[in-house]
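Per-entry structural report
As a plain string of letters, each chain reads:
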Amino acid sequence: MSDERHYNINKLNRLFAIASIVLFLSLVWLFVDDYSRSWKKYQAAFRELEIEKTRVKHDGEANKLQALPEYQALQQEIADAQKTIAERCSNSADVKKSLERLQAENDLLKHNYKIKIAELDAARYRYEDAIHKKENLAHREPQFQKLQGSVQDLKLKVEESDQKIAAQHSRQAECKNKAKELKRQENNLSKQAAVLERKLRRIDPDQMTFANYVADLVRDLPILDLASPKSKIEQIVLNDITDDVNFMRVPKVDRCTTCHLGATNPDYKDAPQPFRTHPNLELFLSTNSAHPLEEFGCTTCHGGRGRGTDFNNTAHTPASEEQKKAWEKKYRWEAYHHWETPMYPLPYVEAGCFKCHSGETTIKGAEKLNLGLNLIEKAGCYSCHTIDKYKDWPKPGPDLTHLATKVSKEWAYHWIEDPKSFRHNTWMPSFYNQSNNSDPESLRRGQQEIQAMVHYLFAASEEFKLPSMPTWGDPKKGEETVSSIGCFACHNLQHELAAAPRTNDSLRREHGPNLTGLGAKTSKVWIYNWLKDPNRYHPETRMPNLRLSDEEAADAAAFLAEDKDVELMNKPVPPLDEAVVDQIVKSFMVKANTAQQTADQMAKMNLDDKLFYAGEKLIGHYGCFSCHNIKGFENYKPIGTDLTEEGSKSAERLDFGFIHIDHTKQAWFKQKLQEPRIFDEGKVKAPEDKLRMPNFDFTEEEAGAITTALLGFVKDKPAPDKMKPQTPENIYIEEGQKIIRQFNCQGCHIMEGEGGAIQSSVTQWLMAFDNRSEGDAQALTTSFSPPNLIGEGKKVQTEWLFNFLHEPVTIRPWLKVRMPTYRFNAAHLNALVKYFNALDKQEFPYTETVDIKLSPEEFVAGEKLFSAEYFDCGKCHIVGDKMPAGSEESWAPNFTLARTRLKPEWISEWLKDPQALLPGTKMPTFFDPASFDKSGPEDVLQGDENKQIEVLRNYFLTLSAKHPAVDARPQSPKSTGPLKPAEAEAMPQTETQTTKPSLSVTQPE
Amino acid sequence: MEILKHLINIAADPKILFPVIIAIFFFIFPPTDRLFKINQWLRLDKVWTKQGGIVLFAALLIAFLFGLSDENFRKIVTKPDNVPIVGLIFLTVFFLWLSLKQAWENDARIEQGKKTNEADDAQEKVLVWPDLVYIEFIAMLFCAAFLVVWSVFLKAPLEEPANPTVSPNPSKAPWYFLGLQEMLVYFDPWLAGVVFPTVIIIGLMAIPFLDNNPKGSGYYSFKDRKMAISIFLFFWLVLWVFLILVGTFLRGPNWNFFGPFEYWDIHKLEALTNVNLSELVYILLLKMSLPTNILLRELWGFLVMIFYFGIMPLILAKTLLKSVYERLGPVQYSIFAVLLLMAAGLPIKMLLRWAFNIKYIIAIPEFFFNI
């Protein structure tokens, strides 16, 4: 055979052997490669950590237990008891032997008994048979009788034996019971330690039984690991939250906890990643929190690819350049391109909150996101860029339809050219002197562009009457008015840029413009007219009417107009350059016309026409009309990109130009916000094609905060039941919060625990004008600040609130600061009223259900409690036109307002424990909550505290009836004493009043 | 070094590289006697010897090692998808060298009047079992082991479900289709995507019927089959392998050409204003506007096509392909000539595009008929 073969068989065999071995080895390699997954390493490391933690915890528990005196005593007792047992009823050989003997006897007896019973049954049959057949009877009968006797005997013996054994057993049990009870007590004490010990026995190889140890070793081996491996992928499947895979939506599957094993366990707070505990378990992950892990998973908020099980394919995103470098080294990290929602990097992690909480104005716990949203509102991003959340928000800039009466052309020129040189912290962004228009040619063009826009604005400006001032005004008095009346809740007067970064709180004082340099900008008369009635000049302004008297307004105007930035006023405005204006006009005109048509049209225009034409085009081009009302631009559409779903845009759609930054959305947004024109760098563009987003001079932190918000503006919304429930209450609260933000209510009031930005200026005023020391002023600040509105919905009647918001009345005449009159429309008023009610979970509309009638005796008792001998209510509270005797800082609201203003239920609660309703209030606690039953005076109403409160409350409610001269209207200025002439002088609003429900008050008996 | 890379980048532009390759090709694989003489004179046949092979491979390796020192080249070459293409280069060169070495050896032997190397092979007997099956089995084992190791080293580039609104740039066909994709640049899709692939298959099927030359059967030889080998290798190497290499390594974002050492800049723009033959004739040459009548407008294109497919075969039968015509007879010759001309159409169209920016010879977009 072999000679017929072409190839050497031995050589082939050898080759075959080699090939087989190579294939085998490669398959082993394949197995090993497939088996060694990166997450297994983490699980092994976590197991080590878990054992160590459990050991430490167990040792701690054990030590604690050993140190416990009770436990020590118990141990002693157990030892004693054991000794007794050993002595008295030990399992000694004799006892055991006798028990064994007894048992043996018992077994034998039972055996015999069974046999005898069978014999007896047989004998009975034979006997009955004999009776029936009447034969052999003599023989059968005694046989049966005898057997019956012996069975009876045996039965007795068995019972006797059973008893003996039972006695023996019970003697032993008695001994053991005590030991058992002691053991139970011990177990109770050492429950914690025992649990930990059991756990250790399960996971710690040192403490396992041998069988478990072997099982522990093999259960993770390849193939065997199909049964019950230690290392396995943990996953959370969320059927109602889906991932968009373009052609369909698939349930989210989050496997993050495969490696992040300690995320839900508070014991791993200091453990290294990936095992560290998630921060804030009360809010996230734990079963009782608002976002339980089983319902929300991880990637719903964090982004990333939940199905991934290694570092890269989960789309981790580094927080910083350093971390990126470290990751590249440690994990060979690279951006996971094919997943469109990579994890939010840590600095922007709050972006994930927005998709569910987009309706809220302030998202609790997401400070950075809140700051971002707040900055978007203040800077007015939404006016050029459509953002759904801000669909119906007012324009952020002032009305320019009457501009000519407010400022001069020179000022307008300088302002557009460089707003920040006039007012360092203005929200007006800079369009000029930017990176893409600072070359000499652009500068030349820019100057003429501004000229053209100013020309247009003034040419289009409508006439506006400015009645002259009744007096010249006293700047000194004006300063006091401005600092006390509440201007600084929304405005500030800073000449220098503040060093402290902007926060949500400081932004409340930037609600209105910084008042610096006002005299250089506009005239005293204009300021006077503005203060008297802001809506006349700008119907949609958010500036409220402070009901200033002519004199107050004149003083304030005189003070504000004193501040003049002379340097700016002296700067010359460059001359007009018709050639450049021509270029500008041409560049716009040729877009819709041929060159010849353009030339023909331009030949017909004089310089003014050209300026007007160019100005109009430029205002449209730069989008000035988005923020300002400008005549002729009523129907223009916003010029910016829609940002509603900007966070879902892929980075490929952003033009990075020649700028070398990370090609991520966040890097681009941040860069754009800090330097909007930078992506023009290195590009050759015509002036009108250049980027035109203006520069807001955001700091790095501000840009980061806005970036967080932008990243949160995403397309996909989770299932409705995962969102905050859209109950009427929640909707009312969200609506109200929006109005509160728009009108800056929190500039004065503390609402939902935030706000009161005015307080620092109240302190300043107390120091500067009321001659208080710094410490005093700080202590008195709350007394002279607008009230904290915690529990307002519970406190005041709906209808009163509605009317008050529409047209405020004086409640606290000692306050300098006053509630301004806002031009709320009916929708605003209703929303606010509903907001307060919803916040305190009040019925809406409010109906009075409490009986507030008083019998004559009760009336007397009420009077008594009210008097100086008892609670002395008149010491602090104003009653009608009678001012309290004490100093102003301790004054409290007028009782006569109570009937229409307060809810009786609230008064009762308030009397009972004011601190519970308004922590820190000056109202004394008459009824000690700790010993309520003994707290009231014993000699009134039989010392019944509840009755006392009820009577006192009902007594208050009669006060307005008892003083018919006083009603819920503001007091006359004469009655308020010498210190507050201005305060109570509510300027009657004669403007168009919105329809409002009428107030119907039933007077008490 | 940078200058060298820059020069290579410039030379890699197919406008230069392709004509150069075509020119060199016919000296290395001469189809006619005259070119064969030049080949002999230049001693180009020395490539197909052992020493030549070593030099060839060494040159290839050095070129690759040199290239790998460059970041851009490394990025493209080491991409998991492109690794087979690198293998393709080495394997193609190796087998080409192996077969031609045997062919040239045989040619030398025939010249000396000796038997060919394979002459004795026919005498030998090889049993299917065990000889053939056994070695096939061993080869299969090695092959399987190789694939396993490869798959462990280079993970399959699996991606997420595609997003229809985000297409990768460049979007490339699988490597074996890159030649067809390259054709799309020069031809209307129905030609490049439907007609040509069909004709390629028909053409391959037709080879046994067209090639009735008994020489070279059962042994390797170049001299005996100069024309056949040259034509085949031209289509295989230049129009298939080379186009795959171009598609893999030289086509970047927006399907622009990039040199092997050039950064794939997504913003790169090239002025590409292609014109149809009709525009060239009427607007540029005759200085008149395009006729509205479609047939009149495309008249010149039709004339060119009639000339190319109708008259060219006749001319070739009298000149270049005289011997072929004589051997095949009119029917087989016409089929051969049409297939050959169609295949030659590709490089001709490429050259026309580069030289004159010609988009279509016949352009009737009204009826989706463009050639």
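Residues numbered from 1 in each chain as written. Chains lettered and ligands numbered in written order. Predicted model: local features only at pLDDT ≥ 70, side-chain atom pairs only at ≥ 80, totals over all residues.

1. Re the overall build of chain B
In terms of helices and strands, chain B carries 14 helices and two strands. In terms of overall dimensions, chain B has a C-alpha envelope of 75 × 55 × 45 Å along the principal axes. Per-residue burial over chain B gives 15% buried out of 371 residues. (Helix = DSSP H or I, 4+ residues; strand = E, 2+ residues; numbered from the N terminus. Buried ≥ 20, exposed ≤ 12 C-beta atoms within 10 Å, placed from the backbone.)

2. Brief notes about the overall build of chain A
A tally of regular secondary structure across chain A gives 41 helices and six strands. Here the C-alpha radius of gyration of chain A, 44 Å, is well above what a compact globule of 1005 residues would show, namely 30 Å. Its C-alpha atoms put chain A at 155 × 130 × 65 Å along the principal axes. A buried classification covers 32% of the 1005 residues belonging to chain A. (Rg over C-alpha atoms; globule rule 2.2 N^0.38 Å.)

3. A word on the domain arrangement of chain B
Taken domain by domain, chain B comprises domain 1 (1–119 + 219–269) and domain 2 (126–155). Computed from C-alpha atoms alone, the centre-to-centre distance between domain 1 of chain B and domain 2 of chain B is 28 Å. (Domains from an automatic or database assignment.)

4. Some points on the environment of Lys 476 of chain A
Residues and elements named next belong to chain A. Among the structural elements, Lys 476 can be located in helix 18 (residues 475–485). Given 12 C-beta atoms within a 10 Å radius, Lys 476 is considered exposed. The sequence separation of Lys 476 and Lys 155 amounts to 321 residues, and the corresponding C-alpha distance is 122 Å.

5. Some remarks on the nonpolar core
Residue and element names in this part refer to chain A. Membership of the largest hydrophobic core comes to 80 residues, with the highest contact counts inside it found for Ile 527 and Ala 557. For Ile 527, the residues in contact, after removing those within four places along its chain, are Leu 518, Thr 522, Ala 557, Leu 560 and Ala 561. If you look at the next biggest cluster of nonpolar residues, it comprises 34 residues, including Tyr 344, Leu 369, Ile 387 and Ala 705. (Core = buried A, V, L, I, M, F, W, Y, C linked by C-beta atoms within 7 Å. Contact = placed C-beta atoms within 7 Å.)

6. Details of the confidence of the model for chain A
Put simply, chain A has an average pLDDT of 86, and 94% of its residues get 70 or more. Of the regions scoring below 50 in pLDDT, residues 962–1005 of chain A engages in 66 contacts with residues more than four places distant in sequence or in other chains. (pLDDT = per-residue confidence, 0-100.)

7. Here's the deal with unusual backbone geometry
Here Gln 273 of chain A and Pro 274 of chain A are connected by a cis peptide whose omega angle stands at 5 degrees. Cis geometry marks the peptide bond from Asn 169 of chain B to Pro 170 of chain B; its omega dihedral reads 0 degrees. Inspection of the secondary structure assignment puts Pro 170 of chain B in the loop between helix 7 (128–153) and helix 8 (178–186). Within the chain, Lys 134 of chain A stands out as a residue other than glycine whose phi angle is a positive 55 degrees. When you line up the elements, Lys 134 of chain A lands in the loop between helix 4 (93–133) and helix 5 (137–189). Phi at Ile 223 of chain A takes a positive value of approximately 70 degrees, unusual for a residue other than glycine. Topologically, Ile 223 of chain A is positioned in the loop between helix 7 (210–218) and strand 1 (236–244). The exposed category is assigned to Ile 223 of chain A, around which 8 C-beta atoms lie within 10 Å.

8. Points about the pairing of strand 2 (residues 249–254) of chain A
All names here are of chain A. Pairing between strand 1 and strand 2: six bridges, direction antiparallel. Note on strand 2: the bridge partner recorded for Thr 242 is Pro 251. In textbook terms, the turn of a hairpin is the stretch between consecutive antiparallel strands, and for strand 1 and strand 2 this stretch comprises four residues, one of which, Asn 246, has a positive phi near 75 degrees. (Pairing = 2+ DSSP bridges.)

9. Remarks on the packing of helix 13 (residues 299–318) of chain B against helix 14 (residues 322–356) of chain B
Residue and element names in this part refer to chain B. In the contact formed by helix 13 and helix 14, the axes pass within 10 Å of each other and the chain directions differ by 150 degrees. Judged by the angle between their axes, helix 13 and helix 14 are roughly antiparallel. Crossing geometry of helix 13 relative to helix 14 is assigned as right-handed. On the side of helix 13, the interface is formed by Tyr 308, Phe 309, Met 312, Pro 313, Leu 316, Ala 317 and Lys 318, while helix 14 contributes Lys 322, Tyr 325, Tyr 333, Ser 334, Ala 337, Val 338 and Leu 341. (Axes fitted to C-alpha atoms, helices over the stretch in contact; angles between N-to-C directions. Parallel < 35°, antiparallel > 145°, perpendicular 65-115°, else oblique. Left-handed = near helix turned anticlockwise from the far one by under 90°.)

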